Every structure is written in structure tokens, then in C-alpha cells.
Amino acid sequence: MKMLLAFLCAIPLLAGAQTTMVRDASLEQMVRAVSADSLESYVRAMVGFGTRNTMSVQDDPKRGIGAARNWVLSTFNRFARQSGGRLTAFIDTTTLQPDKRRIDTPTLLGNVVATLKGADPADKRIFIISGHLDNMPTSAMDRRTDAPGANDDASGVAALLECARIMSRQSFPATVMFVAFSGEEQGLLGAGFMAQKARSQQWQIEAVLNNDIMGSNNTSETGIIDNTRVRVFSEGLPAYETDKRAAQIRQLGLENDGKSRQLARYVKEIGERYVDNLEVVMIYRNDRFLRGGDHTRFVEQDYAAVRITEMHENYLHQHQNVRKENGVQYGDLPEFVDFEYLRKNTAVNLASLASLALAPSMPQEVRIEVRRLTNYSALTWKAPSSGKVKGYFVLVRETTSPVWQRKFFTTATEYQLPYSKDNYFFAVQSVGVDGHESLPVVPGVQGR
Ligand SMILES: [Zn+2]
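Anyway, here's the lowdown on the structure attached to this text. (Residues numbered from 1 in each chain as written. Predicted model: local features only at pLDDT ≥ 70, side-chain atom pairs only at ≥ 80, totals over all residues. Heavy atoms only, no water.)

### Remarks on the overall build of the chain
On a plain count of helices and strands, the chain comes out with ten helices and 17 strands. For 448 residues, the compact-globule estimate of 2.2 N^0.38 gives 22 Å, and the C-alpha radius of gyration of the chain, at 22 Å, lies within 12% of that figure. If you line up the chain on its principal axes, its C-alpha atoms span 70 × 45 × 40 Å. Here the chain holds 448 residues, and 57% of them are scored as buried. By element, 50% of the accessible surface of the chain is carried by carbon and sulfur atoms, the whole surface being about 18600 Å². The average position of the 53 basic charges and that of the 50 acidic charges among the side chains of the chain differ by 4 Å. (Helix = DSSP H or I, 4+ residues; strand = E, 2+ residues; numbered from the N terminus. Rg over C-alpha atoms; globule rule 2.2 N^0.38 Å. Buried < 20%, exposed > 50% of the residue type's maximum accessible area, 1.4 Å probe, protein only. Areas by Shrake-Rupley, 256 points an atom, 1.4 Å probe, with all protein chains shown as cover. Lys, Arg positive; Asp, Glu negative; His and termini not counted. Charge placed at Lys NZ, Arg CZ, Asp CG, Glu CD.)

### Observations concerning the sheet that holds strand E17 (residues 444–446)
Taken together, four strands build an open sheet; the order of strands is E15-E12-E11-E17 and the sheet is mixed. Strands at the two margins of the open sheet, each flanked by one partner only, are strand E15 (414–417) and E17. Strand-to-strand twist of the sheet, defined as the mean angle between neighbouring strand axes without regard to direction, takes the value 30°. Inspection of the sheet shows strand E11 (residues 364–369) paired to E17 by three bridges, in the parallel sense. The residue of E17 that forms the bridge with Glu-369 is Gln-446. (Pairing = 2+ DSSP bridges. Axes fitted to C-alpha atoms, helices over the stretch in contact; angles between N-to-C directions.)

### A look at the sheet that holds strand E7 (residues 279–283)
Taking strand neighbours across the sheet as the criterion, the eight strands line up as E1-E2-E4-E3-E5-E8-E6-E7 in an open arrangement whose pairing is mixed. Where the open sheet ends on each side, the last strands, each with one partner, are strand E1 (87–96) and E7. Adjacent strand axes in the sheet meet at a mean angle of 25°, parallel and antiparallel pairs treated alike. Two strands pair when backbone bridges link them, and strand E3 (residues 125–132) and strand E5 (residues 204–211) are joined in this way by six bridges, in the parallel orientation. Considered in E5, the bridge of Ile-129 is made with Leu-209.

### Structural notes on the packing of aromatic side chains
All chains considered together, the criterion is met by eight aromatic pairs. Measuring from ring centre to ring centre gives 6.4 Å for Phe-298 and Tyr-303, while their planes differ by 50°; the resulting arrangement is tilted. The pair formed by Phe-298 and Tyr-303 is uniform in burial state, with each residue classed as buried. Relative to Tyr-424, the ring of Tyr-419 has its centre 5.0 Å away and its plane inclined at 75°; by these criteria the two rings are edge-to-face. Taking relative accessible area as the criterion, Tyr-424 reaches 23% and is therefore assigned partly exposed. Joined through ring pairs, the aromatic side chains of Phe-408, Tyr-415, Tyr-419 and Tyr-424 make up one cluster. For Arg-199, the ring lying beneath its charged end belongs to Tyr-303, and the centroid distance is 4.4 Å. Lying across the ring of Trp-404, Arg-265 places its NZ or CZ 5.8 Å from the centre. (Phe/Tyr/Trp six-rings, centres within 6.5 Å; stacked < 30°, edge-to-face > 60°. Lys NZ or Arg CZ within 6 Å of the ring centre and 35° of its normal.)

Quick look at the structure:
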């Protein structure tokens, strides 16, 4: 850590530049274990079930959503055997009733959920990586036609399986959940089922990384090819209690500092720190036009949740029956997935999840002093409720900067900076004994 501090002090303040930090060796080793070959084998196995439509056959051992979810469960169980009993998996089921939209017959829905229990009983935090197992051909109601769904969203489920494979060999103070949702294409139904349960049982979910369509490197129409950038979508104004929170957001200028946006910023910082040849691009909206994603059900329940998606999309290979028309191949086939790109995008998830789960929890009661007219800014906070803390980073950025620009380390629980609160945004994050950083907390105001 001495080296880390010396390194930090040497960083000049570059406007708009990302703070560069050294990599943690154990986390770097986990990131290196992410394998394009493993990811490809998972994707091909899922494609092998013919269709994974939520209303497809459930009792055929080789075809349909039932066989696919059993395969995901058995894959988790294979990883569980190397985890010393810490990883457990099950299929969380509910029965969907016809809804006059995209469910026309009573249907058993099953999310496949694996839980890597935290090693610290005092640590109640949960971090989730998710993707959706179900898929569709051209019509979401078509449960019989082949629908390979290699990219949408076998790529996302492959990412969470690979993270489970690697992380289940390690121990983390916080709990990590790996979830393959169903019912996404029928209206985010599996995610809604889980998010409601989480809210009613008061689960302390601090981040949801939802991966949906993350392995194709090129566009339809415009012909762009790019496997060096990945997008992270996050909401600006909160979907939860928007009106109630709007006054404070306006007063403090916090429209770019909601908790999902902070999570996106964290994914960008940690992802770029650990994954080479990849830029994490923050998109300042909850999702794309005409499309939805499972993270939305979590932000609606007041959880920090983001969508991680490839930089460019190819609509010839999404929600399309497999066919050839005028020499053009349609359909979501594995040959259109760039598994090296998928490896990097999976590594961003792994680095972010492991970093979060290894870090102490967030500092508590973070406040900024606003009673005095002064060009200094003074922050105070309290130690986190779990985890061993070496100190804290006080983060600073200009009001127009998308990313944190400086990190000041302190072992105290207060800090004064020669930067006016009028001109900068601040936050505080806990730093663990091994240097892992919690999510940042934006200060509330003190003294009004
Ligand atoms: Zn999808």
C-alpha cells in the first residue's frame, strides 16, 4: 500500500482524466482466469436446446426452457463442489397467469439462482450479476420455432456462469448472487418476481450488474466493427419515488449522482483498471429505445442496477427467425458472437463484482458542512458497519466531469479540502486493508 500511496501522490490533476490506480494481484489473477473457450462452450450448450422461449416445452430433457434451466442448475452445482459448501443453487419458481400481453397460458417460470454466501456474518450486503436465459425468435409468442439466442442472451448467462466458476473458488466477506432470469422477453417477469421478493424481504442489494446482449462487435446498416468498447446504461432521475426526491436533486444539482449512476462510474473505473484494450462507455439513460432489460425491475424497487451491453448492435441477429433472405443470414447464431470481446466484457463484470464484494461496506452518515461561507469544503462520516477499513478515499470531480478526477486518502473520518463545494462534487468511499474500494457515498448536507 505504501507503493500505492506514493503512486497516487505522483498523479497530476488532468482535467477529465480517470485516476489511475495499481491493480490488486489476487483480483488480477481472477480476471485472467476468464476464458473465451469456457464462454463459447456455455453459449453453444444453451443454443443446443433449440429454443429457450419461456412458454416452450418444459418436460423434454433435450429441448426447451425446462432443459436449459436444468443445465444451468447442474453447471452451478458443478462449481458448487469446488466451493467448500459456500455456493448453493436452486430454481426459484412461480406460476405465471395469462396476462393478455405475452403470456397466454398458465406457465411455470423459473429463475436459476446461485448464491456464494459471504464469509462475514456481520456483512449483509448482496451483489448480483444477472442475464436472461429465455429468448425468442421473431415473435415472443412463438414457443416452437428454433431460437438460438446466442447473443440475446446466452452471452449474458455465459458471463455470469464464468464469474460463478472463478469466484466460487474464492472467499468474499459479502454475498454474491448469480442469476439467470426467465420471462425477460415476456415483460421482465422473472426479474420482477425476484426484485419484489427482495424488496419485501428487505434484502440489502447494493449492486445489480445486468448483462444482456454483450458479445457481438458489429452493427447492421452502418457496418461499424468495434470490440474495444462496451456500454453501461444507468438511470439519471430515480425511477423510485421520483417526485419525492426531485426537490433535493434539483437543489444540490445531483441529477448525475444517483446510486445507479455511481455504480456505472464504479464499473467504468474498476473495469478499465483491470481489463486491457477495453473502454467502458457510460450511457446516461436507463436503457435503449424500443427495448427493455431486467435491471429496470430493480431500479423500480430502489436498488442500484445497470445494464451492460455491447457497444454496437446488429438487428439482423436479434429477435429474428433463422433464415436466409436475398443472401443475408438472419438469426442469433453463435458464429456472430466474438468470444474474445465477450471475454473482456465478462472480465469487467468479474473485476467489479470481486472488488465490491472484497471491499468493506460504504461509509455511513457522510455529510458536507454548509453552514459557513468558505472556500474550503469539510466532510465528515462514520465507519462502515462491516469490514476492516484501512482508510477512506475522498473523491473530487468538477461538476461537468463524468468521472471522479482525484482521490485523497485519509485514515481519519473527516477531511477538509481546498476545493470550494460550489465548484466540485464530492464523495467518500471506504478502503479495505487490501486496498479494495467500496461504492462511493455522496454527502448529505449538514447545517441547514
Ligand atoms: Zn435480451
